[in-house]
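Structural overview
Each chain, letter by letter, is given below.
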Amino acid sequence: MASPFTPPLTFMGMPAGAPGPGNRVAILGVPFDCGIHPFRIGSREGPASVRAQSGLTRRHHPTLADVDIPTLLGAVDAGDVAGITPGKIAEAHPLIEAAADAILTAGAVPIGIGGDGSVSLPLMRAAARHHPGLVALHVDSHTDAYPYNPDDPFDASNQFTHAAEEGLVDPNSTWHVGIRGFTGVRGVLKHADKLGFRVLTTEDLIRRGTAQAMTEFREVVADRPLYLCWDMDVFDPSVAPGVATPSWGGLTAREGIELMRSLSGLNIVAMDFNTVSPGHDVQGMAASLCGHMMMEAMILLAGRWGLLPEG
């Protein structure tokens, strides 16, 4: 007898629940933002919007992976981190870290949906505990490696500063890719350099070419465990208008997809996609593109694990 109840909304219609044996991937919603932006708050609603728009993305990709990717990976949607209150970062971080830790302990790769960029720090803390020698690829229009006030040290501009200081990632092998545009303070690139990070601006990426740049990154990281942090504002606002901090001159959808595909074969052990702000979106464009990029990332995982059929 068919159930009379509608199942909960999940990413791509995945089964809802915590990962177990056979579940290689688990989606984790992180509905949190710091709430300190003067007028552009709303990434806390990002996970729900990405899930809603994910229905526009189909499960098969005839030229890349002509197979049902979520089913192939045994992917589940674990739901949202429980108990977090936007703006209360000190209380939220341990809860986010614990949720990601549960997924990693189960043997699955967590794919976080933010939330603003601040959520990457507790997710990286969990990943670093399970994967010593972690490096990161941070795709963003901002370094998020800014200096901070010791009296108020955490927000969405300095998570990678803390990641370096806490030893969560190796800064000498961690790249920030797609950096561009105006900043509110001086010296942010110098500060990232001081921490040991490599910064590749959007202009550098386009000038050198994605394939060449990512070949160099691949030589740096080799087979080390990789945390992929993808901020949706790396895209130009013309294709992803609903983000927390839009910046003109970003990647087209085509360029972003090319960049993702250039990561084929890397040892990605955890990832997050952040800063979708549905209150500022236009017909769900940023949320829909985010869902597409998550599926592209899952194809990378399937390829890395040798699960894709040949031909």
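Everything discussed here concerns the structure shown above.
Presented here is a report on the structure given in the accompanying data block. Numbering of residues starts from 1 in each chain and follows the order in which that chain's sequence is written. Where local features are concerned, this predicted model is filtered to residues with pLDDT of at least 70; where side-chain atom pairs are given and counted, the filter is 80 or more; whole-chain, interface and lining totals use all residues. The side-chain values count all of the structure's non-hydrogen atoms but skip hydrogen atoms and water molecules.

By this definition, two strands are paired if DSSP reports at least two bridges between them. Where helices and strands are cited, they refer to DSSP runs of H or I of at least four residues and of E of at least two residues respectively, numbered from the N terminus. Reading across the sheet, the 8 strands line up as β2-β1-β3-β8-β7-β4-β5-β6 and stay open at both edges, with parallel pairing between neighbours. In the strand order of this sheet, the two ends are held by β2 (76-80) and β6 (198-201), each with one partner. Ignoring which end each strand starts from, the neighbouring axes of this sheet average 15° apart. Note that strand β5 (residues 175-179) and β6 share 4 bridges and pair parallel. Paired with His176 across the two strands is Val199, which belongs to β6. Across the sheet, helix α10 (residues 285-304) lies against β1 (25-30), β3 (109-114), β7 (226-231) and β8 (268-274), angled at about 175° from β8, the strand it touches most. Axis definition: a line fit to C-alpha positions, over the contact stretch in the case of helices; interaxial angles, taken between N-to-C directions, run 0 to 180 degrees. Residue contacts follow a heavy-atom distance rule, with two residues in contact if any of their heavy atoms lie within 4.5 Å.

Another point: helix α3 (residues 89-105). Taking 1.5 Å of rise per residue, the 17 residues of α3 would be expected to cover 24 Å, and the 24 Å separating its terminal C-alpha atoms lies within 8% of that figure. Per-residue accessibility, obtained with a 1.4 Å probe over protein chains only, is compared with the maximum for each type, and a residue is labelled buried under 20%, exposed over 50%, and partly exposed between these values. Of all the residues in α3, the buried ones are Ile89, Ala92, His93, Ile96, Glu97, Ala100, Ile103 and Leu104. All buried residues of α3 fall inside an arc of 130° around its axis, so they share one side. Opposite the buried face of α3, by more than 90 degrees, sit the exposed residues Ala90, Glu91 and Thr105. Multiplying 1.5 Å by the residue count of a helix minus one yields the expected span of that helix. Comment: arc refers to directions from the helix axis out to C-beta atoms.

Okay, the packing of aromatic side chains next. Only Phe, Tyr and Trp rings take part, Trp by its six-membered ring, and two of them pair if their centres are within 6.5 Å. Stacked means planes under 30 degrees apart, edge-to-face means over 60, and tilted covers everything else. Enumeration according to the criterion identifies 3 aromatic pairs in this entry. Here Phe160 and Phe197 contribute two aromatic rings whose centre-to-centre distance is 6.3 Å and whose plane-to-plane angle is 80°, an arrangement assigned as edge-to-face. Linking Phe160 in helix α5 (residues 159-165) with Phe197 in the loop between α6 (188-195) and β6, this pair joins segments that are 37 residues apart in sequence. For the pair formed by Phe160 and Phe197, the shared burial category is buried. Note on Trp230 and Phe235: the rings are 6.2 Å apart at their centroids and 40° apart in plane angle, and the pair reads as tilted. The same class applies to Trp230 as to Phe235, namely buried. Consider the ring centre and the ring normal. A charge sits over the ring if Lys NZ or Arg CZ is within 6 Å of that centre and within 35 degrees of that normal. The aromatic ring of Trp175 is capped on one face by Arg198, whose charged end is 4.5 Å from the ring centroid.

This paragraph deals with the pattern of salt bridges. Two side chains carrying opposite charge are able to pair once their charged atoms lie near each other. Salt bridge, as used here, is a side-chain nitrogen of Lys or Arg placed within 4 Å of a carboxyl oxygen of Asp or Glu. One pass over the full model with this rule turns up 13 salt bridges. Notably, a salt bridge pairs Asp101 with Arg129, separated by 3.0 Å at the nearest N-O pair. With a gap of 28 residues between them, Asp101 in helix α3 and Arg129 in helix α4 (residues 120-130) connect regions that are remote in the sequence. Where Asp223 meets Arg304, a salt bridge forms, and the shortest distance between an N and an O atom there is 2.7 Å.

Glancing now at the pairing of strand β4 (residues 135-139). Buried residues dominate β4, accounting for 5 of its 5 residues. Burial of β4 is two-sided: the residues Val135, Leu137 and Val139 facing one way and the residues Ala136 and His138 facing the other way are all buried. Of the pairings in the sheet, the one linking β4 to β7 comprises 5 bridges and is parallel in character. When the sheet's bridge partners are listed, Val135 is paired in β7 with Leu226. In this structure, β4 lies alongside β5, joined through 3 bridges in parallel fashion. If you follow Val139 over to β5, its bridge partner there is Val177. Crossover handedness is defined by viewing with both strands directed away from the observer: a clockwise path from the first strand over the helix to the second marks the crossover as right-handed. On the question of chirality, the crossover connecting β4 to the parallel β5 by way of α5 is right-handed.

Let's shift gears to the nonpolar core. Counting 56 residues, the largest nonpolar core has Trp230 and Phe273 as the members making the most contacts within it. At 13 residues, α10 tops the list of elements feeding residues into this core. Setting aside residues up to four positions removed in sequence, Trp230 forms contacts with Val139, Phe235, Gly256, Leu259, Met260, Asp272, Phe273, Asn274 and Met293. Core analysis: the second largest hydrophobic core is formed by 37 residues, Ala126, Ala145, Val169 and Leu195 among them. Nine residue types can take part in a nonpolar core, namely buried Ala, Val, Leu, Ile, Met, Phe, Trp, Tyr and Cys, and a core is a set of them joined through side-chain atoms within 4.5 Å.

All right, on to the side chain of Asn267 then. With respect to the element layout, Asn267 can be found in the loop between α9 (253-261) and β8. Note on Asn267: relative accessible area 18%, which makes it buried. By the criterion applied in these results, polar contacts are pairs of N or O atoms within 3.5 Å in which, for protein atoms, one can donate a hydrogen and the other can accept it, and in which residues neighboring in sequence qualify only through two side-chain atoms. At 3.3 Å, the side chain of Asn267 forms a polar contact with the backbone oxygen of Asp223. Excluding anything up to four places from it in sequence, Asn267 contacts Asp223, Arg224, Pro225, Leu226 and Arg304.

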